[in-house]
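The primary structure of each chain is shown beneath.
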Amino acid sequence: MDADPAKVPGVLVDDSVTVTCIGEKVGGNRILKATELVVTAHSPYYYIQGKWVEPNPINADEVQGFELKQDGTASSINMATLAFQQWNLENGELLLKSQSIGNGQTIEGTDTLRIDKLNADSLVLSRDGNVLWRLARQK
């Protein structure tokens with residue numbers, strides 16, 4: 001629970017791991033000391049990280065979308081009026097915090113999107129049964 005994340009690089013929230021330990025005697029007490037940690041199954045946090053884009057409906061030569069970074073921050077890709085800031089996963093849904101910038105005002109909000117499909121190359125997001133995004137992973 002109080003582990004230093006820097007000591008377990010590459011391990012994310014909800015990953016399944018195998019930990020190998022040895023017993024050590026410290027001050028008359030026997031304690032377990034971890035000697036190896038192996039990720040046995042990655043969480044959805046691992047797979048959803050990265051740059052996700054779709055064709056820009058205004059300019060077919062461009063793409064637009066967002067980047068989901070490991071530290072929980074997000075950023076927009078070619079979307080000047082929608083600035084993504086943070087992301088999180090909760091119960092199979094992607095929560096995207098953003099600022100809508102335009103018409104002389106800034107509106108903050110959080111979109112709650114159902115993850116209908118997530119694999120190495122595709123991300124499909126919907127709300128209330130309506131598909132809102134069909135995204136491809138940007139290499």
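One can find the structure itself at the top, above this paragraph.
Residues numbered from 1 in each chain as written. Predicted model: local features only at pLDDT ≥ 70, side-chain atom pairs only at ≥ 80, totals over all residues. Heavy atoms only, no water.

1. Structural notes on the environment of Glu90
(1) Moving on: With respect to the helices and strands, the residue Glu90 is situated in strand β6 (residues 82-90).
(2) Moving on: For the pair formed by Glu90 and Leu113, sequence separation is 23 residues and the distance between their alpha carbons is 9.9 Å. (Helix = DSSP H or I, 4+ residues; strand = E, 2+ residues; numbered from the N terminus.)

2. A closer look at the pairing of strand β2 (residues 29-41)
(1) Moving on: Pairing between strand β1 (residues 16-26) and β2: eleven bridges, direction antiparallel. Each bridged residue has a counterpart across the sheet, and for Thr18 the counterpart in β2 is Val38.
(2) Moving on: The turn joining β1 and β2, which pair antiparallel and follow one another in sequence, is formed by two residues; a positive phi near 55° is taken by Gly27. (Pairing = 2+ DSSP bridges.)

3. Observations concerning the nonpolar core
(1) Moving on: Among the nonpolar cores identified, the biggest contains 19 residues, and Ile48, Phe66, Leu68, Trp87, Leu94, Leu96 and Leu125 are the most heavily contacted of them.
(2) Moving on: Within the residue set of this core, elements represented by two or more residues are α1 (44-48), β4 (63-68), β6, β7 (93-102), β8 (105-118), β9 (122-127) and β10 (130-137).
(3) Moving on: With three residues, the single largest contributor to this core is β6.
(4) Moving on: For Ile48, the contacting residues outside a window of four places in its chain are Leu68, Trp87, Leu89, Leu94, Ile115, Leu118 and Leu123. (Core = buried A, V, L, I, M, F, W, Y, C linked by side-chain atoms within 4.5 Å. Buried < 20%, exposed > 50% of the residue type's maximum accessible area, 1.4 Å probe, protein only. Contact = heavy atoms within 4.5 Å.)

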